[in-house]
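Reading the structure
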Amino acid sequence: IGQARSPAWSAFTPEARVVYSPAKLGIFSELKVIAFCAFFLWANFIVAFLPLIVYGAYAGSYFCRAYFVVAAIDFAAPLRPGVRGMWPAWCRWTSFADGLCSYFDAELVVEGELKKDKNYLLCYYPHGLFGIGYSLMTKHLYEAYGSITLFTAADVIVYIPILRRIMTWWGYTSASRGPMVKNMQHAYPFNVLELHPDGIAGMFYGTRHEQIVLNKRKGFCKIALQTGCHIVPSYVFGANEVYTRYFEHTGAMAKLSSVLQTSLVVWTGRWGIPMLPVPHRSKLVAVIGAPIEVTKVAEPTKEEVEALHAKFVAEVRALYDRHKGRMGAEWAARRDKLYLEDEKTPSKKRD
């Protein structure tokens, strides 16, 4: 995560500022990015490979048997997702934010300020294959404010041995309503919770155009009202082009992934090699928008939820329009508009 600087608790200022800029930091930082890309991508297939590991253990494979011994120890030890299970030192050791600036010429742009006595829900778009810009954001939130960010993911993670432990060290917590209500009310420094509102479905959008799942995702707005948690829109430009994906939201793989609560996506990385974790060297621009202030309402009405959701949609689209030019004129012309999941996109060839 890096070393904390003096917290800045100034009032919101609308001016966007570049916090991290492209920097060439050497091969080690870039290899670290590739290593963690491999981890996040291949972890999605652990569920599919478990039957093979079971068979391998039965057939006498020492590796597979060792895996089950370690898995048994993992399940025997208590798991505490959220604040109690997070390991800040692990987060510092495994941060690859610097490598993102080097490999992708990434930059982080911030529009507003956070306050120590408030809670924030950082809504991250687009999902892509995984939240590749997340490390940049969490590093900034820690260095600028001292905030330690928890993140949400599917409940299936707690049933996957070893992976569940590693994710918990990073601050994993369930995306279900109960845990979210709890984790959106923690006192500082755990006053920021990250959410991918589009979930697994979002992995199958954005292959040809910038398109996100948002119109049918309103539950987080209701929870924000119930807890008084401010909502922070964010967007990572270029995330959809880090890998080339070959399944879209209308296909069978998207439906199967939704049922299994894990991603089953075929992709190609650099040099066009299938399932290669080495990403394309596409430019990345991560933007953290200004917080949307939310007043606590114990029992919000449908109209209040709809109003907050409409405001969030408008803010995400405005954020996109304000900063798409940072990717260059050619990129902005190709992906000039942000579409929602139920909006028709132009029929064009794959980028």
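Above this text is the structure in question.
Read on for a plain summary of the structure. (Residues numbered from 1 in each chain as written. Predicted model: local features only at pLDDT ≥ 70, side-chain atom pairs only at ≥ 80, totals over all residues. Heavy atoms only, no water.)

**Here's the deal with the side chain of Ser29**
Just so we agree on the cut-off: We count a stretch as a helix when DSSP gives it H or I for four or more residues in a row; a strand needs E for two or more, and each element gets its number in order from the N terminus. Accessible area is worked out with a 1.4 Å probe on protein chains only. A residue is then buried under 20% of its type maximum, exposed over 50%, and partly exposed in between. Between two residues, a contact is recorded if the distance between any of their heavy atoms is within 4.5 Å.
Assignment of secondary structure puts Ser29 in helix 1 (residues 27-43). Judged by its relative accessible area of 11%, Ser29 falls in the buried class. For Ser29, the residues in contact, after removing those within four places along its chain, are Gly99 and Ser102.

**Topic: the sheet that holds strand 2 (residues 107-110)**
For clarity, the threshold we go by: By definition, two strands form a pair when at least two bridges between them are found by DSSP. Only the stretch in contact is used when fitting a helix axis, every axis being a line fitted to C-alpha atoms; angles between N-to-C directions are given from 0 to 180 degrees.
The mixed open sheet is built from eight strands, whose spatial order is 1-2-11-8-3-6-4-5. If you trace the sheet from one side to the other, it starts and ends with strand 1 (17-20) and strand 5 (172-174), each paired once. If you compare each strand with its neighbour and ignore which way they point, the axes differ by 30° on average. Pairing geometry for strand 3 (residues 120-125) and strand 6 (residues 192-195), over four bridges, is parallel. If you follow Leu121 over to strand 6, its bridge partner there is Leu193. Across the face of the sheet, helix 6 (residues 134-145) comes into contact with strand 1, strand 2, strand 3, strand 4 (149-153), strand 6, strand 8 (230-237) and strand 11 (285-288) while running at roughly 100° to strand 1. Lying over the sheet, helix 11 (residues 302-323) contacts strand 2, strand 3, strand 8 and strand 11, oriented at roughly 35° with respect to strand 8.

**Notes on a nonpolar patch on the surface**
Rules: Within the patch definition used here, like charges are joined within 9 Å and nonpolar side chains (Val, Leu, Ile, Met, Phe, Trp, Tyr) within 5 Å, considering only residues with over 30% relative accessible area and no salt bridge. Residue-level accessible areas treat just the shown protein chains as cover; the underlying method is Shrake-Rupley with a 1.4 Å probe. Whenever a carboxyl oxygen of Asp or Glu lies within 4 Å of a side-chain nitrogen of Lys or Arg, that contact is scored as a salt bridge.
Nonpolar side chains collect at one region of the surface, where Ile27, Phe28 and Leu31 lie side by side and expose about 360 Å² of accessible area between them. The exposure class assigned to Phe28 is exposed, which follows from its relative accessible area of 63%.

**A short note on the environment of Ile162**
Mapped onto the secondary structure, Ile162 falls in the loop between strand 4 and helix 7 (163-169). In the structure, Ile162 is positioned 120 residues away from Trp42 in sequence and 14 Å away in space, judged by C-alpha atoms. When neighbours within four sequence positions are excluded, Ile162 is seen to be in contact with Tyr67, Val70 and Asp74.

**Focus on the environment of Leu276**
Mapped onto the fold, Leu276 is located in the loop between strand 10 (267-268) and strand 11. Looking at Leu276, the relative accessible area reads 17%, which means it is buried. In sequence terms Leu276 and Cys37 are 239 residues apart; their C-alpha atoms lie 9.6 Å from each other. When sequence neighbours within four positions are dropped, the list of residues in contact with Leu276 reads Tyr243, Trp267, Gly269, Arg270 and Trp271.

**Examining unusual backbone geometry**
Of note, the amide linkage connecting Tyr125 to Pro126 takes the cis form, showing an omega dihedral of -15°. Mapped onto the elements, Pro126 comes out in the loop between strand 3 and helix 6. Here Tyr188 and Pro189 are connected by a cis peptide whose omega angle stands at 15°. As for its placement among the helices and strands, Pro189 is situated in the loop between helix 8 (177-183) and strand 6. If you check the backbone angles, Asp105 has positive phi at about 50° while not being a glycine. Following the sequence through the fold, Asp105 ends up in the loop between helix 5 (97-103) and strand 2.

**Some remarks on the pattern of salt bridges**
Tallied over the full model, the rule gives 15 salt bridges. When the shortest N-O distance is used, the salt bridge between Lys324 and Asp321 registers 3.8 Å.

**So, the environment of Ser347**
You can see Ser347 is positioned in the segment after strand 12 (339-340). Taking the C-alpha atoms as reference points, Ser347 and Arg208, 139 residues apart in sequence, are found 9.2 Å from one another.

**Regarding helix 9 (residues 219-227)**
Of all nine residues making up helix 9, seven are buried, and the element is well covered by its neighbours. What helix 9 keeps buried is the set Phe220, Cys221, Ile223, Ala224, Leu225, Gln226 and Thr227. Along its buried surface, helix 9 packs onto strand 3, helix 8, strand 6, strand 8 and helix 11. Looking one or two places after helix 9, you find Gly228, whose phi comes out positive at around 70°.

**Here we look at the packing of helix 2 (residues 46-59) against helix 3 (residues 62-76)**
Geometrically, a packed helix pair is captured by the angle between its two axes and the distance between the axes. Spelled out, the test is: Note: crossing handedness is left-handed where the near helix turns anticlockwise from the far helix by less than a right angle, and right-handed where it turns clockwise. For this classification, the nonpolar set comprises Ala, Val, Leu, Ile, Met, Phe, Trp, Tyr, Cys and Pro, the charged set comprises Asp, Glu, Lys and Arg, and every other residue, Gly included, is treated as polar.
Interaxial distance between helix 2 and helix 3 falls to 8 Å at its minimum, and their mutual angle equals 115°. Pair helix 2 / helix 3 crosses with left-handed handedness. Note on element contacts: helix 3 touches helix 2 through Cys64, Arg65, Tyr67 and Phe68, opposite Ile46, Leu50, Ile53, Val54, Gly56, Ala57 and Tyr58. Taken together, the residues that form the contact of helix 2 with helix 3 break down as nine nonpolar, one polar and one charged.

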